[in-house]
Amino acid sequence: MPTAEELICAVLRGEHAPWRWRDEPDAAARLFEQANAHGVCALLHSRLASADWPPSLLQSLRTNAIELAMWETRHQRVLAKTLAGLDAIGVRPVLVKGTALAYSLYADAALRTRGDTDLIIPFDAQQKVHAALLALGFERVLAVSGEFVSYQASYVQQTSDGSSHTLDLHWKINNSELLSRLFTYDELAHDAEPLPRLCAHALGASRVHALLLACMHRSTHKQNPYYVNGEAHHDANRLIWLYDIHLLAGQLNEGEWEQVVRLADDKGLRAVCLEGMQNAQARFHTKYPEAVLQGLAMHSTPEPPALYLGGGKLRQQWMDFQALGSFTRQLRFLRELVFPSAEYMRAHYAASPSTWLSWLYIRRALGGVVKRMRARTAAEPQHADR
């Protein structure tokens, strides 16, 4: 008997996948919940027109697909207006991850489920982009910020139709100090490709960069959860991310595959790319040139990004701290981490009975200690009662 995930993957591979749980009345709800967590409900619906699956499940998938299509139409309008506004001030962001792939790989952008749009801008354009987004009706989401503690900011726009649209604005590709140096805006912009299906001003990362970024993004979720309807999920092998890799692999030509291997070697991402590609292959039977797999497998010494992405939170924090280099930068990072802005603290602890700023910082520090102790306890072996 296949698992729900195996059944979903079979459908996405285009195989006949008859319903297996006719004697389990709650199986349909369980499969929908799993497909939703994996971000593939819309894809599943597009492949199930004549399936013998339970009508209630087919209806749930159809309803979800309609909702996603409606959101996509609104999101495209917001993005087109936003990108035109940024172009007017001389800024051409490069879209990465979900939205870029939705408008370059998928027959219908609504099939690529996502909750926001990621874009990277030049480092020195932060202030004028911030002002432009506020003028376009976005609000900045309050979060810990500083020179080293964060390299991105989120902006949300609530439109008159009641929909919500989030932009994750990056000036470095990742918040990790170590990973942030792997891809610069200039590098991505140099090879960026137009996304005419989105709008005239849209640029997306090239297919080569997109594959490396997809593999790296997947690996970041070995430690970091992703959220669906407010619920945290811990799974680096979320199917929509692996399906991205599967589709990208089908688009690359021989020259691009050579670039993938060379760039993965330059960035220290051979092991990360190989792992992501093999996980996609295991679920979707993705085909790769044998020379590419061999080239990616040729890493005799551990690569820092692979060590980082495969490590625990403490190792990652230590590697990021070391990557800062100078003592001055490290001290500045610690200050930003331990003492966020007063605005952030008062908003974060708005429900606190005390608004005394010193007490709020003490509370934050104590909360961090408790959180780390709980994480350490959870990581220790748990013995069953005998």
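Structure's up top.
Nothing here was measured: the structure is a model prediction, and the numbers come from that model.

J.: Help me understand helix α14 (residues 313-323), please; the structure alone is not making it clear to me.
T.: One turn of an α-helix holds 3.6 residues; hence residues three or four places apart share an orientation. All of the buried residues in α14 are Gln316, Met319, Asp320, Phe321 and Ala323. The first or second residue beyond α14 is glycine 325, which carries a positive phi of 85°.

J.: Mind showing me how you'd approach the side chain of serine 163 here?
T.: Looking at the element boundaries, serine 163 is found in the loop between β4 (152-158) and β5 (164-170). Polar contacts involving the side chain of serine 163 include one to the side chain of aspartate 161, which spans 2.5 Å. Looking at serine 163, its side chain comes within polar contact range of the side chain of histidine 165, at 2.8 Å. Those residues in contact with serine 163 that lie beyond four places of it in its chain are Arg74, Gln157 and Gln158.

J.: I would appreciate a short explanation of the pattern of salt bridges in the present structure.
T.: Here the idea is simple: oppositely charged side chains can pair when their charged atoms come close. A complete count under the given rule lists 17 salt bridges for this structure. Measuring nitrogen to oxygen at the nearest pair gives 3.3 Å for the salt bridge that ties aspartate 161 to arginine 74. Taken together, the positions of aspartate 161 in the loop between β4 and β5 and arginine 74 in helix α4 (residues 55-88) put the pair 87 residues apart, joining distant regions of the chain. The class of arginine 74 is partly exposed, set by a relative accessible area of 23%. Through salt bridges that share partners, Glu24, Asp26 and Arg30 make up one connected network.

J.: Before we go on, may I ask you to explain unusual backbone geometry in this structure?
T.: What you tend to see is this: most non-glycine residues have negative phi, and most peptide bonds are trans. With a phi angle near 60°, lysine 97 is a residue other than glycine that sits in the positive phi range. With respect to the helices and strands, lysine 97 occurs in the loop between β1 (94-96) and α5 (98-102). For lysine 97, a relative accessible area of 28% puts it in the partly exposed group. Of note, the phi angle at asparagine 229 is positive, near 55°, even though the residue is not glycine. By secondary structure assignment, the location of asparagine 229 is in the loop between β8 (226-228) and β9 (231-233). Given the relative accessible area of 74%, asparagine 229 is considered exposed.

Definitions and limits used
Residues numbered from 1 in each chain as written. Predicted model: local features only at pLDDT ≥ 70, side-chain atom pairs only at ≥ 80, totals over all residues. Heavy atoms only, no water. Buried < 20%, exposed > 50% of the residue type's maximum accessible area, 1.4 Å probe, protein only. Helix = DSSP H or I, 4+ residues; strand = E, 2+ residues; numbered from the N terminus. Polar contact = N/O pair within 3.5 Å; in protein donor to acceptor, adjacent residues only side chain to side chain. Contact = heavy atoms within 4.5 Å. Salt bridge = Lys/Arg side-chain N within 4 Å of Asp/Glu carboxyl O.

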